[in-house]
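Fold and contact review
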Amino acid sequence: MQNNASALQESVRRRSRAFSPKARHILYKSFTFLLVTLAFVIFYDWLCEGPVSGLFAMGKISRSVKGYFVPVCAWVVAAVSLNLVVGFSGELSLGHAGFMSIGYSTGIVVYNLLTKGYGWENIYLSMAVTMLAAGLMAGIIGFLVGIPVLRLRGDYLAIVTLACAEIIKSLLQCLYVSLDTTDGVRLLFAFPKNTLTGGTALLKGPTASAPIGTKGTTTDLPALYIIGFALVILTLFVVFNLTDSRTGRAIKSTRDNRIAAESMGIPVTRHKMIAFVTAAVLAGMAGALLANKSTYQPANFNLDMSIMVLVYVVLGGLGNVLGTIFSTTALYILPEELRFMKDYRMLVYALVLIFAMVLSNNPVIKGWVTSIVSLVKRRRKSINLFAEESRNAFAAGDDAQGANAREVLVIEDAGENETAVQPEAAEPDSNQAELPEEVPAEALAAQAGGRLTLERLYTADGTPLDDETQRRIELGLMLYEAYVDSGKGKKKGKKKGGGKA
Amino acid sequence: MTERQEKQTRHSDTRMVPYPSKAIVPERDLNVAPILETHHLGIQFGGLKAVDDFNLIIGRSEIAGLIGPNGAGKTTVFNMLTKVYEPTEGSVIFDGKDMMGKSIVQASKLGIARTFQNIRLFNQMTVEENVRIGLHNQIKYTTATALLRLPNFWIKEHRQHKRALELLSIFGMEGMADVRAGSLPYGAQRRLEIVRALATGPKLLLLDEPAAGMNPHETEELMNTIARIRDEFNIAILLIEHDMSLVMGVCEGICVLNFGKVIAKGTAREIQNNPVVIEAYLGKQKEG
Ligand SMILES: Nc1ncnc2c1ncn2[C@@H]1O[C@H](COP(=O)(O)OP(=O)(O)O)[C@@H](O)[C@H]1O
Ligand SMILES: [Mg+2]
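Small disclaimer: the values here were computed from a predicted structure and weren't measured. (Residues numbered from 1 in each chain as written. Chains lettered and ligands numbered in written order. Predicted model: local features only at pLDDT ≥ 70, side-chain atom pairs only at ≥ 80, totals over all residues. Heavy atoms only, no water.)

Before going further, it helps to examine the domain arrangement of chain B. All names here are of chain B. Domain boundaries assigned for chain B yield domain 1 (1-111 + 202-217 + 236-288) and domain 2 (120-201). Of the residues lining the interface, eleven residues belong to domain 1; the matching set on domain 2 comes to ten residues. When the two sides are added together, the surface that domain 1 and domain 2 hide from each other amounts to roughly 810 Å², 66% of it contributed by carbon and sulfur. Considering only the surface of domain 1 that becomes buried against domain 2, Pro202, Leu205 and Met214 emerge as the three largest contributors, covering 49% of it. With three residues, strand β9 (residues 204-208) is the largest single contributor of residues to the side of domain 1 that touches domain 2. For the side of domain 1 that touches domain 2, the class distribution of residues is six nonpolar, one polar and four charged. (Domains from an automatic or database assignment. Contact = heavy atoms within 4.5 Å. Buried area = accessible area lost by both parts, 1.4 Å probe. Helix = DSSP H or I, 4+ residues; strand = E, 2+ residues; numbered from the N terminus. Nonpolar A, V, L, I, M, F, W, Y, C, P; charged D, E, K, R; others polar.)

Rendered as structure tokens:
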């Protein structure tokens, strides 16, 4: 009996999983890459106002829209990297802007040194080296900051990251760097007051610095956009490859249960550090990319900016890379597009944000979105398949015990108060379930947790059920378990009206 | 089934012999150094002595039990052995090494694995991932290998996967490998904790109330599995348990703790007949 049962359970399980979670994860990653690439191709054509790839003709583009593309790449990288810390390692960091500002300043100095000092012509090469330097610098600072910070937990950690970012911002606001090419290539530094004379000023303390990504005096937007896209792809590779690995699992384990992770031999601080430094490196690179816009100044890299990136992450979903890409793009462009509202701009932005947060946290809508994303049709099919088998198992008709077992299934779940779909398996016969209570329901429900073979069940007047009925109830529970395990029935809604009178 | 029962009988009939002085170990472990020795182990929380003068010796392949009423200090002993707490007195010698000043991670690497009384799984991760965390220090590759997806990454990942399923099959849980650990039924969570602990390749496995919340049938199954684990992995097991059928059925040496002090040590039979124990522990148990 037990063997038959498990064989059947196995077959149900196998059929109900057209896509295993692993396959689904690979699909999710591939989809993310595909989507980003597709978006890039379309927008690149648009940016160049022509069918460069020969695939799309997007027509004319306004000046303001042109300005979105590169920053969006930078913000996506910043948000996805912050998600590594907040979503995967489970530590709230309020200092992400600090690492971006380090990348920003390093980027400006290195880029101008290469192009103006050493006369590098190739923008891709100079930008690649610039970003490496920016990432390296931010990584080093990230490591130094991480040493004290990662010894703390929770709120304390958040506050100290905030403090560190503010310190970095204040220091960079007093840093003056000039490039002197009169007598060989030299960089001149001044801190905290500007005592520099001569040369080209690169970092000018609190005021806007020399931009990067320029050819002569004009910014080469298409080239920068390609670089931004490459950075996004690099970020996706790093984050996906890291999180789906031994190291990544260890990082996630420190988030889920610190003590258990340590007891399993996972050095917690080291793994939090890996996530923290990786995020800092990527944030530094994003910061360097932002330096092409003269609107960014050292003072912009403050708490507001850190919070803004955090908002992107939270709305996109902790640990959800694709969601973060969407939320970042939408929330970056929204306030820019709301400029026509003048004074009401931030008010409307805040309202939209609240609305989006509420919506994305609503279980009904969440379930709705997931069901679309994870191929609703396949799910339905497998549930129907379950219905078929369970109906066969209950030998159809208004079999008293069979219906009773279903009844029990509903009771078993009544404790769960999260909303979701009523299993369709129970639906077709649900109005026949109005039968006298014959099986001790609680006993059954209690058993449903882990076992398939129940102890002998009795009817209300104390007579034991015959073998056949007992077997059917067991089978019903088992099928139900398979159904729950397959991830659909997990959180079923409250028992519908169809109980007994 | 019958084979298991035979093994069962064999365990409870192990002849326990005196080890150097006060302690006892199974006869077969007499000629090898014990896996664990604690000497006058004690810890104080503020004014409270949670554990005091705790002495225990466990043989290389012994299944030992640690029993006592709630609040007796059993879990605290586990926390001291795994270095969650640093003892304020006495010493722990594990596998011939003094554990003084070691970290939790070091204790795990030396070969102490544990489960928790209040289940501590990685709830957001799948069953298989939970076991793979246990394999972290067993099947290794570097972060750079992972980032670049070098061949070694795929080889080791596959090895981890196979090993994880192998370990899950101890409890017949291979079919649940992709289920989120947090959504498992209670009993399965307890079993997963044992599998995860075993994955770390321990020499000593500490089980904190493994049968809590299980029904008699499950408990019996668990008892058989514990004996099987000891035989297959050839490790020592120390378990805390309130279910006397399990303790008496599988444990060779038993230590009884009350108010942080050892009140009796001996074989199952000796413990069962010890009037002090009956008064402190079993008597209460019978009422409940
Ligand atoms: N971290 C701690 N701080 C203070 N008291 C503690 C701490 N851990 C355990 N204790 C105390 O030690 C005693 C033993 O607890 P415990 O080991 O959990 O008992 P049990 O035998 O039920 O596992 C209890 O009185 C408990 O309050
Ligand atoms: Mg305890």
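Below, the discussion takes up the interface of chain B and chain A. The interface is formed by 40 residues belonging to chain B together with 37 residues belonging to chain A. Counting each side, the surface lost to burial between chain B and chain A is near 3400 Å², with a carbon and sulfur contribution of 57%. At the junction of chain B with chain A, the criterion picks out four salt bridges. Here Lys22 of chain A makes a salt bridge to Glu128 of chain B, at a shortest N to O gap of 3.1 Å. Considering each element in turn, the side of chain B that touches chain A owes the most residues, five residues, to helix α4 (residues 127-134) of chain B. Of the residues contributing to the side of chain B that touches chain A, the split by class is 15 nonpolar, 13 polar and twelve charged. (Salt bridge = Lys/Arg side-chain N within 4 Å of Asp/Glu carboxyl O.)

Bringing the side chain of Ser101 of chain A into the picture now. Residue and element names in this part refer to chain A. Within the secondary structure, Ser101 sits in helix α5 (residues 96-117). What makes Ser101 buried here is its relative accessible area of 2%. Every residue in contact with Ser101, bar those within four places of it in the chain, is listed here: Ile168, Leu172 and Phe301. (Buried < 20%, exposed > 50% of the residue type's maximum accessible area, 1.4 Å probe, protein only.)

Below, the discussion takes up the pairing of β9 of chain B. Residues and elements named next belong to chain B. Taken across its five residues, β9 has five buried, putting it largely inside the fold. Alternating residues of β9 divide into Leu204, Leu206 and Asp208 and Leu205 and Leu207, and every residue in both groups is buried. The sheet contact formed by strand β8 (residues 112-114) and β9 spans three bridges and is parallel. Within β9, the residue paired with Ile112 across the bridge is Leu204. The sheet contact formed by β9 and strand β10 (residues 236-240) spans five bridges and is parallel. Bridging from a neighbouring strand, Leu206 pairs with Leu238 of β10. Handedness of the crossover joining β9 and β10 through helix α8 (residues 216-233) is recorded here as right-handed. (Pairing = 2+ DSSP bridges. Right-handed = clockwise from strand over helix to strand, strands pointing away.)

Moving on, we come to the sheet that holds β10 of chain B. Residues and elements named next belong to chain B. If you walk across this open sheet you meet the six strands as β8-β9-β10-β5-β11-β12, and the pairing is mixed. Unpaired on one side and paired on the other, β8 and β12 (261-267) mark the two borders of the sheet. Each strand axis lies, on average, 20° off the axis of its neighbour in the sheet, ignoring direction. For strand β11 (residues 253-258) and β12, the ladder comprises six bridges, and the chain directions are antiparallel. The residue of β12 that forms the bridge with Ile254 is Gly266. Running at roughly 145° to β10, helix α2 (residues 74-81) makes contact with β5 (63-67), β8, β9, β10 and β11 of the sheet. Sitting on the sheet, helix α7 (residues 186-199) touches β8 and β9, and the angle it makes with β9 is about 160°. (Axes fitted to C-alpha atoms, helices over the stretch in contact; angles between N-to-C directions.)

Residue and element names in this part refer to chain A. It is at 11 Å that the axes of helix α2 (residues 21-47) and helix α8 (residues 221-243) come closest, and there the two elements cross at 175°. Comparing the axis directions of α2 and α8 gives the class roughly antiparallel. For the pair α2 and α8, contact is made by Tyr28, Lys29, Thr32, Phe33, Val36, Thr37, Ala39, Phe40, Phe43, Tyr44 and Leu47 and by Leu221, Pro222, Tyr225, Ile226, Phe229, Val232, Ile233, Leu236, Phe237 and Phe240, respectively. Partitioning the contact of α2 with α8 into residue classes produces 18 nonpolar, two polar and one charged. (Parallel < 35°, antiparallel > 145°, perpendicular 65-115°, else oblique.)

The next point concerns the nonpolar core. Of all hydrophobic cores here, the largest spans 91 residues; its most connected members are Trp75, Met100, Met127 and Leu289 of chain A. The greatest single-element share of this core, amounting to 16 residues, is contributed by helix α4 (residues 69-88) of chain A. Of all hydrophobic cores here, the second largest spans 48 residues; its members include Leu246, Met248, Val256 and Ala264 of chain B. (Core = buried A, V, L, I, M, F, W, Y, C linked by side-chain atoms within 4.5 Å.)

This part is about the pattern of salt bridges. Following the criterion strictly, the structure yields 24 salt bridges over all chains and no others. Here Glu166 of chain A ties to Lys169 of chain A by a salt bridge, and the two come within 3.2 Å at their closest N and O atoms. Here the residue Glu166 of chain A and the residue Lys169 of chain A both occupy positions in helix α7 (residues 154-173), the gap between them amounting to three residues, near one helical turn. The shortest N-O distance in the salt bridge between Lys83 of chain B and Glu86 of chain B comes to 3.3 Å. Judged by relative accessible area, Lys83 of chain B falls into the buried class, the value being 8%. In this structure, a network of salt bridges that share partners links the residues Lys22 and Arg249 of chain A together with Glu128, Arg132, Glu157 and Asp178 of chain B.

All names here are of chain B. Lining the immediate environment of ligand 1, one finds Phe45, Leu48, Ala50, Pro69, Asn70, Gly71, Ala72, Gly73, Lys74, Thr75, Thr76 and Tyr85. A distance of 3.2 Å is found between an oxygen atom of ligand 1 and a backbone nitrogen or oxygen belonging to Ala72. The element contributing the most residues to the shell around ligand 1 is α2, with three residues. Class assignment of the residues belonging to the shell around ligand 1 gives a composition of six nonpolar, five polar and one charged. (Near = heavy atom within 4 Å. Polar contact = N/O pair within 3.5 Å; in protein donor to acceptor, adjacent residues only side chain to side chain.)

Attention now moves to the coordination of the magnesium ion (ligand 2). Residues and elements named next belong to chain B. Protein-derived ligands of the magnesium ion (ligand 2) are Thr75 (OG1) and Gln117 (OE1), with the metal-ligand distances lying across 2.0 to 2.1 Å. Here the residue Thr75 occupies a position in helix α2, and Gln117 occupies one in the loop between β8 and α4, the gap between them amounting to 42 residues. Given the relative accessible area of 24%, Thr75 is considered partly exposed. (Donors = N, O, S within 2.8 Å, 3.2 Å for Na, K, Ca; no water.)

Here we take up the confidence of the model for chain B. Averaged over all residues, the pLDDT of chain B is 88; the fraction at 70 or higher stands at 90%. Low pLDDT, under 50, characterises residues 1-10 of chain B; the predicted model gives this stretch nine contacts beyond four residues in sequence or across chains. (pLDDT = per-residue confidence, 0-100.)

Residue and element names in this part refer to chain A. Taking 1.5 Å per residue, 20 residues should reach 28 Å; α7 reaches 29 Å between its end C-alpha atoms and fits that length. Buried within α7 we find Leu157, Ala158, Thr161, Cys164, Ala165, Ile168, Lys169 and Leu172. Down the axis of α7, the sector holding all buried residues measures 135°, keeping them to one side. Those residues of α7 that are exposed and angled more than 90 degrees off the buried face are Asp155, Tyr156, Ile159 and Ile167. (Expected span 1.5 Å × (residues − 1). Arc of directions from axis to C-beta.)

This paragraph deals with the sheet that holds strand β3 (residues 200-204) of chain A. All names here are of chain A. Pairing in this open sheet of three strands is antiparallel, and the strands run β2-β1-β3 from one edge to the other. Both edges of this open sheet fall to β2 (186-190) and β3, since each of them pairs with a single strand only. For this sheet the average axis-to-axis angle between neighbouring strands, irrespective of direction, equals 20°. In the packing of α5 onto the sheet, contacts are made with β1 (176-180), β2 and β3, and the angle to β3 comes to roughly 170°.

Here the focus is the packing of aromatic side chains. Applying the stated criterion across every chain, the model contains 19 aromatic pairs over all chains. Centre to centre, the rings of Tyr68 of chain A and Tyr332 of chain A are 6.2 Å apart; their planes meet at 85°, and the pair counts as edge-to-face. Here Tyr332 of chain A lies in helix α13 (residues 321-337) and Tyr68 of chain A lies in the loop between α3 (63-66) and α4, a separation of 264 residues in the sequence. Summarising the burial analysis for this pair, Tyr68 of chain A and Tyr332 of chain A share the class buried. Taking 5.1 Å as the distance between ring centres and 75° as the angle between the ring planes, the aromatic pair formed by Phe45 of chain B and Tyr85 of chain B counts as edge-to-face. Of this pair, Phe45 of chain B sits in strand β3 (residues 36-45) while Tyr85 of chain B sits in the loop between α2 and β6 (89-94), and the two are 40 residues apart along the sequence. The exposure class assigned to Phe45 of chain B is partly exposed, which follows from its relative accessible area of 35%. (Phe/Tyr/Trp six-rings, centres within 6.5 Å; stacked < 30°, edge-to-face > 60°.)

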